[in-house]
Amino acid sequence: GIKCGARSLRKAIEDPSDVAARTDMALCAMYGGQALANAKLGAVHGFAGILGGALDNAPHGALCAALLPHCIETNVKVLETRVMQTDPALAEEGLRRYAEVAAACLGSKGASVGDLVAWAIELVAFCGVPQLRSFGLADADVAEITLKSMASSSMKGNPVQLTQKELEAMLRAAM
């Protein structure tokens, strides 16, 4: 599913009549739905659920897209530092999985997680996804939204447990 979306999202946006691209996106959506139904969610959905209830006219998909690059970046940084010191096996497995996603999205086994983050940020911009501030999220809301999000069941599925400070920084980066 990731490969289908990575290769076809731009094409489907640039040319909505591109049947192959739209087919890839339909498959991506189906596979993504199946994966989400069978796996835990994470920080993106932990925040998106709370933000969706707190902000007016903030589509769930746009919230998720705005958060995704910053979530990847935060998770990887924490895996490389704090988790590597306390649980190297967990850190290495998490980083291996992110490397697989980077290779799938960028079509190169040599793609780094940094390349993945840059690609995701650029793709979100290409798709015209607004930053969270445009939906009405203010700096003054960050602490409360973070605390509520930390209690959500979705947050428990994040590949690494993030601190309030790390989550607040992630949310601010998406603003």
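Residues numbered from 1 in each chain as written. Predicted model: local features only at pLDDT ≥ 70, side-chain atom pairs only at ≥ 80, totals over all residues. Heavy atoms only, no water.

With that out of the way, let us pick up the overall build of the protein. When helices and strands are counted, the protein shows eight helices and zero strands. Along its sequence from the N terminus, the protein presents helices and strands in the succession α-α-α-α-α-α-α-α. Its C-alpha atoms give the protein a radius of gyration of 16 Å, within 12% of the compact-globule value 16 Å for 175 residues. Structurally, the protein occupies a C-alpha span of about 45 × 40 × 30 Å along its principal axes. For the protein, with 175 residues in total, the buried portion stands at 38%. For the protein, the share of sequence-separated contacts (at least 6 apart) that also reach a separation of at least 24 residues comes to 63%. (Helix = DSSP H or I, 4+ residues; strand = E, 2+ residues; numbered from the N terminus. Rg over C-alpha atoms; globule rule 2.2 N^0.38 Å. Buried < 20%, exposed > 50% of the residue type's maximum accessible area, 1.4 Å probe, protein only. Contact = heavy atoms within 4.5 Å.)

The next subject is the nonpolar core. Note that soluble globular proteins tend to have their nonpolar side chains buried in a common cluster. Ranked by size, the top nonpolar core spans 41 residues in total, and within it F47, L51, L63, L67, L132, L137 and L171 carry the most contacts. Listed by contribution, the elements that provide at least two residues to this core are α3 (43-54), α4 (60-86), α5 (88-106), α6 (113-126), α7 (142-150) and α8 (164-173). No other element matches α4, which puts 11 residues into this core. Not counting residues up to four positions away in its chain, the partners in contact with L51 are L63, L67, L132, L137, I145 and L171. (Core = buried A, V, L, I, M, F, W, Y, C linked by side-chain atoms within 4.5 Å.)

By the secondary structure assignment, H70 is in helix α4. Under the relative-accessibility criterion, H70 is labelled buried at 15%. For H70, the contacting residues outside a window of four places in its chain are M170, A173 and A174.

Our focus in this paragraph is the confidence of the model for the protein. With 100% of its residues at a pLDDT of 70 or more, the protein shows a mean pLDDT of 93. By mean pLDDT, the top-scoring element of the protein is α8 (97), and the lowest-scoring one is helix α2 (residues 19-38) (88). (pLDDT = per-residue confidence, 0-100.)

The contact between α3 and α7 brings their axes to 8 Å, and the two run at 125°. Compared by their axis directions, α3 and α7 come out oblique. Here α3 runs over α7; the crossing is right-handed. In this structure, α3 contributes G46, F47, I50, L51 and A54 to the contact, and α7 contributes I145, T146, K148 and S149. Across the contact of α3 with α7, the residue classes break down as five nonpolar, three polar and one charged. (Axes fitted to C-alpha atoms, helices over the stretch in contact; angles between N-to-C directions. Parallel < 35°, antiparallel > 145°, perpendicular 65-115°, else oblique. Left-handed = near helix turned anticlockwise from the far one by under 90°. Nonpolar A, V, L, I, M, F, W, Y, C, P; charged D, E, K, R; others polar.)

To continue, consider the environment of A143. With respect to the helices, strands and loops of the structure, A143 is situated in helix α7. Separated by 24 residues in sequence, A143 and L167 place their C-alpha atoms 9.2 Å apart. Sequence-distant contacts of A143, defined by excluding residues within four places in its chain, comprise Q164 and E168.

It is worth spelling out the state of the cysteines at this point. Disulfides are covalent bonds that connect the sulfur atoms of two cysteines. Enumeration over the complete set of coordinates arrives at zero disulfides. The thiol of C64 is unpaired, and the distance to the nearest cysteine sulfur, on C71, comes to 10 Å. Unpaired in this structure, C127 has its nearest cysteine sulfur neighbour in C28, at a distance of 11 Å. (Disulfide = S-S within 2.5 Å.)

The subject of this paragraph is the packing of aromatic side chains. One pass over the structure, following the stated rule, counts zero aromatic pairs. Residue placement shows R10 over the ring face of F126; its charged tip is 4.6 Å from the ring centre. (Phe/Tyr/Trp six-rings, centres within 6.5 Å; stacked < 30°, edge-to-face > 60°. Lys NZ or Arg CZ within 6 Å of the ring centre and 35° of its normal.)

Where α4 meets α6, the closest approach of the two axes is 9 Å, and the angle between their N-to-C directions is 165°. With respect to α6, the element α4 is oriented roughly antiparallel. Helix-helix and strand crossings are classified by hand; for α4 and α6 the assignment is left-handed. Counting all contacts with α4, which are made through A65, P69, I72, E73 and V76, the residues of α6 involved are V113, L116, V117, A120, I121 and V124.

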